Amino acid sequence: EQMEAYIADGGQRSDWDVNFAQNRADDDTLLGYSLLQESVDQASYMYSDNQYLAEMAELLNNKEDAKAFREKADKLANYINTCMFDRETGFFYDIRIEQNPLANGCAGEPIVERGRGPEGWSPLFNKAATQENADSVVAVMKNTSEFNTYIPLGTASLTNPAFGPDIYWRGRVWVDQFYFGLKGMESYGYRQDAMDMASAFFNNADGLIQDGPIRENYNPLTGEQQGAPNFSWSAAHLYMLYNTFFTK
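Structural notes, computed from the coordinates. Since we're looking at a predicted model, the values are computed, not measured.

1. Observations regarding the overall build of the protein chain
Counting secondary structure elements, the protein chain contains eight helices and nine strands. In terms of overall dimensions, the protein chain is globule-like: its C-alpha atoms have a radius of gyration of 20 Å, near the 18 Å expected for 248 residues. In terms of overall dimensions, the protein chain has C-alpha extents of about 55 × 45 × 35 Å along its principal axes. Per-residue burial over the protein chain gives 45% buried out of 248 residues. The long-range fraction of contacts in the protein chain, counting pairs at least 24 apart against all pairs at least 6 apart in sequence, stands at 58%. As displayed, the protein chain offers around 13000 Å² of accessible surface, 49% of which is attributable to carbon and sulfur atoms. Seen as two clouds, the 19 positive and the 36 negative side-chain charges of the protein chain have centres 5 Å apart.

Take a look at the structure:
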C-alpha cells in the first residue's frame, strides 16, 4: 500500500535549498559561511555532552562544575522543547536563524515545510525531550503514513516533500538512525513498539537473516539492499539492536 501510494502521486518529490550567512572580518574580508539554521540533533547531543560532563565532575567531587554543567543541560533541554518542537505537527525540527531573535528567545521558527527526518527523534535518543513532546514524536514514528514503513524509520517520512525511497538521505533506512529511534522510544516507555519495529527490520531487510551481506542502508518500501556491502557501522548497530531488543 505504501508503494502504491508513492507511485499513485507520480513519485513526485521536491528538495530544499539551505541558506547561508557570510562571515566577514572587520575589513570586510570574506572568512567563510555559516548555515542559517540551528540543528535539533546537534543541540540534543550538546545536551548529552553536558550531562556526561556533569557526571564526570561529580565523580571527581567537583560539585561546582557539576552544577554548572547541569544548568547548561537544563537550559538546552528547555530551548529544544520550546524552540525546536512544533505543536501543530507534533515533531522536532531544525530552526531558522533570523536576523533578530524571536520574543521568546528562539533564534527562529521550526523549518516545518522541509518535512520530517530522523533529527526529529534525536531529543528522545538523548533524553532531552519532555514526555509530552516525546509522546507526540513517537505517534509520528508509529504512523504508517509517516515513518512506519515496510522497514521503519527512514531518513525522510513518506510526507516529506523530498522523500525518495532509493535516494541517499531522503528515505533510505540507515541502521544507526534506526537504532537511535528505537532507543529513544524505549527511553520514553515504548519498548514494545520498538521491539516490533526491530522485528520488522530483521524480518524485512532483504537477505539480512539469510546469507546476504549487511548493507549500508535499505529501501523503506521494499527492504531492498542499498549502498555499500559489508558495512561496519550497520553491523555494529545490528549487534546493539539484537542485544537491546532480543536478548532481554
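Having put the structure on the table, let's press on.
2. As for the packing of helix α2 (residues 40–59) against helix α3 (residues 63–83)
Here α2 crosses α3 at 160°, and the two axes come no closer than 8 Å. When the axis of α2 is compared with that of α3, the two are roughly antiparallel. The way α2 lies across α3 gives a crossing that is left-handed. Residues V40, A43, S44, M46, Y47, N50, Q51, L53, A54, E55, A57 and E58 of α2 pack against D65, A66, F69, R70, K72, A73, L76, A77 and I80 of α3. Residues of the contact of α2 with α3, tallied by class, amount to 13 nonpolar, three polar and five charged.

3. So, the pairing of strand β9 (residues 225–229)
Relative to β9, strand β8 (residues 215–218) runs antiparallel, the two sharing three bridges. Among the inter-strand pairings, Y218 is bridged to a residue of β9, identified as Q225. Linking two consecutive strands that pair antiparallel, namely β8 and β9, is a turn of six residues; a positive phi of about 80° is found at G223 within it.

4. A few points about the pattern of salt bridges
Applying the stated criterion to the full structure yields seven salt bridges. The closest approach of N and O atoms between R70 and E58, which form a salt bridge, is 3.4 Å. In this pair, R70 is assigned in helix α3 and E58 in helix α2, connecting sequence segments 12 residues apart. Ionic pairing is found between E113 and R96, a salt bridge with its closest N-O pair at 1.9 Å.

5. With respect to the state of the cysteines
According to the stated counting rule, one finds one disulfide in the structure shown. Residue pairing for C83: its cysteine sulfur links by disulfide to C106, the two sulfurs lying 2.0 Å apart. Every disulfide takes its handedness from the sign of the S-S torsion; for C83 and C106 that torsion is -80°, giving left-handed. With a gap of 23 residues between them, C83 in helix α3 and C106 in the loop between β6 (95–96) and α4 (122–125) connect regions that are remote in the sequence. Considered together, C83 and C106 belong to a single accessibility category, that of buried residues.

Cut-offs applied
Residues numbered from 1 in each chain as written. Predicted model: local features only at pLDDT ≥ 70, side-chain atom pairs only at ≥ 80, totals over all residues. Heavy atoms only, no water. Helix = DSSP H or I, 4+ residues; strand = E, 2+ residues; numbered from the N terminus. Rg over C-alpha atoms; globule rule 2.2 N^0.38 Å. Buried < 20%, exposed > 50% of the residue type's maximum accessible area, 1.4 Å probe, protein only. Contact = heavy atoms within 4.5 Å. Areas by Shrake-Rupley, 256 points an atom, 1.4 Å probe, with all protein chains shown as cover. Lys, Arg positive; Asp, Glu negative; His and termini not counted. Charge placed at Lys NZ, Arg CZ, Asp CG, Glu CD. Axes fitted to C-alpha atoms, helices over the stretch in contact; angles between N-to-C directions. Parallel < 35°, antiparallel > 145°, perpendicular 65-115°, else oblique. Left-handed = near helix turned anticlockwise from the far one by under 90°. Nonpolar A, V, L, I, M, F, W, Y, C, P; charged D, E, K, R; others polar. Pairing = 2+ DSSP bridges. Salt bridge = Lys/Arg side-chain N within 4 Å of Asp/Glu carboxyl O. Disulfide = S-S within 2.5 Å.

Function cannot be read off these values alone, since they describe shape.
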